[in-house]
Amino acid sequence: EPEVTQTPSHQVTQMGQEVILRCVPISNHLYFYWYRQILGQKVEFLVSFYNNEISEKSEIFDDQFSVERPDGSNFTLKIRSTKLEDSAMYFCASRPPGTGELFFGEGSRLTVL
Amino acid sequence: AQKVTQAQTEISVVEKEDVTLDCVYETRDTTYYLFWYKQPPSGELVFLIRRNSFDEQNEISGRYSWNFQKSTSSFNFTITASQVVDSAVYFCALNHMNYGGATNKLIFGTGTLLAVQP
């Protein structure tokens, strides 16, 4: 069964460093998402991406964050200068056209020291 | 405003007990989806069910059952004869569609931590 894959599963970084989280969505899906879950809290929407552009972003998704789909298969989330409060699990999701169902990856845990 | 409320923060039961997890939602959309996800200690989000707003039939899948009541905006989840492996955080979510359908983001509740004691 096709699935959304994310790498790395866990990354530890120093505050101020740039981090790129990678996702490979399911191949026939057209809509892509990043969500964030700070430890012990709920899953929060960050950004949605469709037709090679951001379709919606939350207030969390400030100028430190960016997304791109560089090669038609990967979907990346970049955090330019990480802060302690960026420590969280980051989930990628994709959705096929015509349904409301999002398929989630297993998450990338980011720890900022 | 779109909102999902899971009033139960934590529930603890003893194995073989039945347990119901509550979910209440708010939306102005006439068409929407509701979901339940399970998050075990390993952290991934495991899809359990999707329910279309047009379909109010209750659903049963093994030990799991869901009660969708549009009149009370609730989508409750019952586990029958709970097992230790059911211990996890359970999230209810609402699919919010914007006019163009290009967002369709999920709005999650705060989750309910279910602990099943042996």
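Below: a short report on this structure. (Residues numbered from 1 in each chain as written. Chains lettered and ligands numbered in written order. Predicted model: local features only at pLDDT ≥ 70, side-chain atom pairs only at ≥ 80, totals over all residues. Heavy atoms only, no water.)

## Some points on the state of the cysteines
Residues and elements named next belong to chain A. This structure, assessed with the given rule, holds 2 disulfides over all chains. In this model Cys23 forms its disulfide with Cys92; the gap between the sulfur atoms is 1.9 Å. Residues Cys23 and Cys92 are joined by a disulfide whose S-S torsion is about -65 degrees; by sign, that bridge is left-handed. Of the two residues, Cys23 is situated in strand S3 (residues 19-24) and Cys92 in strand S9 (residues 88-95); the sequence distance between them amounts to 69 residues. (Disulfide = S-S within 2.5 Å. Helix = DSSP H or I, 4+ residues; strand = E, 2+ residues; numbered from the N terminus.)

## Details of the interface of chain B and chain A
Counting residues at the interface gives 20 residues for chain B, matched by 21 residues for chain A. Interface of chain B and chain A: buried area, both sides summed, is about 1,700 Å²; carbon and sulfur atoms make up 55% of it. The tally of links between chain B and chain A comes to 1 salt bridge. In this structure, Glu56 of chain A and Lys105 of chain B form a salt bridge, with 2.8 Å as the shortest nitrogen-oxygen distance. Linking chain B with chain A are 4 residue pairs in polar contact (both at pLDDT 80 or more). Taken together, the elements giving at least two residues each to the side of chain B that touches chain A come down to strand S5 (33-39), strand S6 (46-52), strand S10 (88-96) and strand S11 (105-108) of chain B. (Contact = heavy atoms within 4.5 Å. Buried area = accessible area lost by both parts, 1.4 Å probe. Salt bridge = Lys/Arg side-chain N within 4 Å of Asp/Glu carboxyl O. Polar contact = N/O pair within 3.5 Å; in protein donor to acceptor, adjacent residues only side chain to side chain.)

## Points about the environment of Lys38 of chain B
Residue and element names in this part refer to chain B. Secondary-structure assignment places Lys38 in strand S5. In this structure Lys38 comes out as buried when scored by relative accessible area, which is 14%. In sequence terms Lys38 and Asp86 are 48 residues apart; their C-alpha atoms lie 8.9 Å from each other. Not counting residues up to four positions away in its chain, the partners in contact with Lys38 are Glu44, Leu45, Val46, Leu48, Tyr64, Val85, Asp86, Ala88, Val89 and Tyr90. A polar side-chain atom of Lys38 sits 3.1 Å from the main-chain carbonyl oxygen of Val85. (Buried < 20%, exposed > 50% of the residue type's maximum accessible area, 1.4 Å probe, protein only.)

## Focus: the side chain of Arg36 of chain A
Residue and element names in this part refer to chain A. Here Arg36 shows up in strand S4 (residues 31-37). On the accessibility criterion, Arg36 (9% relative accessible area) is buried. Ignoring any residue separated from it by four or fewer positions in sequence, one finds Arg36 in contact with Lys42, Val43, Glu44, Leu46, Ile60, Glu85, Asp86, Ala88, Met89 and Tyr90.

## Quick look at the nonpolar core
Counting residues in hydrophobic clusters, the biggest one holds 25 residues, and the most contacted among them are Trp36, Trp66, Phe75, Phe77, Tyr90 and Leu114 of chain B. When residues in this core are grouped by element, the largest group, 4 residues, is from S10 of chain B. If near-sequence neighbours (up to four positions away) are discounted, Trp66 of chain B is found in contact with Trp36, Leu48, Ile49, Asn58, Glu59, Ser61, Phe75, Asn76 and Phe77 of chain B. In terms of nonpolar packing, the next biggest core, distinct from the first, is built from 22 residues, Val19, Ile26, Trp34 and Phe75 of chain A among them. (Core = buried A, V, L, I, M, F, W, Y, C linked by side-chain atoms within 4.5 Å.)

## Description of the packing of aromatic side chains
Scanning all chains against the criterion turns up 26 aromatic pairs over all chains. Centroid distance Tyr35 of chain A to Phe108 of chain B: 5.8 Å. Interplanar angle 80 degrees. Geometry classified as edge-to-face. A residue pair is termed interchain when its members come from two chains, as with Tyr35 of chain A in strand S4 and Phe108 of chain B in strand S11. In terms of burial, Tyr35 of chain A and Phe108 of chain B fall into one category: buried. Consider the rings of Trp66 of chain B and Phe77 of chain B, whose centres lie 5.1 Å apart with planes at 5 degrees: the pair is stacked. With Trp66 of chain B in strand S8 (residues 64-69) and Phe77 of chain B in strand S9 (residues 74-79), the pair connects residues that are 11 residues apart, well separated along the chain. (Phe/Tyr/Trp six-rings, centres within 6.5 Å; stacked < 30°, edge-to-face > 60°.)

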